[in-house]
Amino acid sequence: MLNKNKISNLLIESLNSESKNIRGFAALVLANRNDTSTIPSIINLVEDEHFMVRAFALGALGHLRAKEAKDVVHKGILDSNIEVRKSALQAMINLKEEISEKEILEISKEKDSELEQLIV
C-alpha cells in the first residue's frame, strides 16, 4: 500500500488471479491506495464465487465512496453470506445510501448484533 510506484496495472491484473486471496486483497490494496480508476474492475468482483472476495470488493467500493457502485452494493444486502451482507451494509453507510424498509427487514432476519448495530 505504501509503494509509491505505479503498480495499479499489476494490482488490476491480480483481480483476475486464480487465487481468491489475491483477488480479494488486491481489491483492498487498490482501495487503500485510493485508486478510483479501478472501481469498474472492483465492481466485477461483487459477483465472485467466493464470499470473501465479494465482501472485500464491497468493502473496497465503500472505502472508495464509489457512487457508481450503489446498485451492486444494494444487491449485496441480499447475498447468501452474512459477511458479504455486513460489507454491503458498511459500504451503504460509507456511500450515504438510504437503506430501504425491505433491506432492513432482510437484514433483521439474521439476528446478528453487528448487522443490527450498523442499521442503527
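Residues numbered from 1 in each chain as written. Predicted model: local features only at pLDDT ≥ 70, side-chain atom pairs only at ≥ 80, totals over all residues. Heavy atoms only, no water.

## Focus on the overall build of the protein
A tally of regular secondary structure across the protein gives eight helices and zero strands. Walking the protein from its N terminus toward its C terminus, one meets helices and strands in the order α-α-α-α-α-α-α-α. Compactness check: the protein gives a C-alpha radius of gyration of 14 Å against a globular reference of 14 Å for 120 residues, within 12% of the reference. By principal-axis analysis of the C-alpha atoms, the protein measures approximately 45 × 25 × 20 Å. Counting the 120 residues in the protein, one finds 44% classified as buried. Expressed as a percentage of contacts within the protein between residues at least 6 apart in sequence, the contacts between residues at least 24 apart total 58%. Surface summary for the protein: the accessible area is close to 7,200 Å², and the carbon and sulfur share equals 51%. Charge centroids of the protein, computed over 16 positive and 19 negative side chains, lie 4 Å from each other. (Helix = DSSP H or I, 4+ residues; strand = E, 2+ residues; numbered from the N terminus. Rg over C-alpha atoms; globule rule 2.2 N^0.38 Å. Buried < 20%, exposed > 50% of the residue type's maximum accessible area, 1.4 Å probe, protein only. Contact = heavy atoms within 4.5 Å. Areas by Shrake-Rupley, 256 points an atom, 1.4 Å probe, with all protein chains shown as cover. Lys, Arg positive; Asp, Glu negative; His and termini not counted. Charge placed at Lys NZ, Arg CZ, Asp CG, Glu CD.)

## Observations regarding the side chain of H74
Mapped onto the elements of the fold, H74 is located in helix α5 (residues 70–76). Among the polar contacts made by the side chain of H74, one reaches the side chain of E97 at a distance of 2.9 Å. Filtering out sequence-adjacent residues up to four positions away, H74 remains in contact with M92, E97, E98 and E103. (Polar contact = N/O pair within 3.5 Å; in protein donor to acceptor, adjacent residues only side chain to side chain.)

## Observations regarding the nonpolar core
Membership of the largest hydrophobic core comes to 33 residues, with the highest contact counts inside it found for L15, I42, L61, A69 and V73. When contributions to this core are tallied by element, the ones reaching two or more residues are α2 (20–32), α3 (39–44), α4 (51–63), α5 and α6 (82–94). Of the residues forming this core, the biggest block, seven residues, is contributed by α4. (Core = buried A, V, L, I, M, F, W, Y, C linked by side-chain atoms within 4.5 Å.)

## Some points on the packing of α2 against α4
Orientation of α2 relative to α4, taken along the N-to-C sense of each, is 5 degrees, at an axis distance of 9 Å. If you check the angle between α2 and α4, you find them roughly parallel. When α2 is examined against α4, the residues K20, N21, R23, G24, F25, A27, L28, A31 and N32 are found in contact with a partner set consisting of M52, V53, F56, A57, A60 and H63. Classifying every residue of the contact of α2 with α4 by side-chain character gives nine nonpolar, four polar and two charged. (Axes fitted to C-alpha atoms, helices over the stretch in contact; angles between N-to-C directions. Parallel < 35°, antiparallel > 145°, perpendicular 65-115°, else oblique. Nonpolar A, V, L, I, M, F, W, Y, C, P; charged D, E, K, R; others polar.)

## Some words on the pattern of salt bridges
Applying the stated criterion across every chain, the model contains five salt bridges. For D79, the salt bridge goes to R54, with nearest N and O atoms at 2.8 Å. One end of the pair, D79, is in the loop between α5 and α6; the other, R54, is in helix α4, and 25 residues separate them in sequence. Here D79 falls in the buried class, since its relative accessible area comes to 14%. R54 sits in the buried class, given a relative accessible area of 10%. Sharing partners across several salt bridges, the network here consists of E83, K86 and E114. (Salt bridge = Lys/Arg side-chain N within 4 Å of Asp/Glu carboxyl O.)

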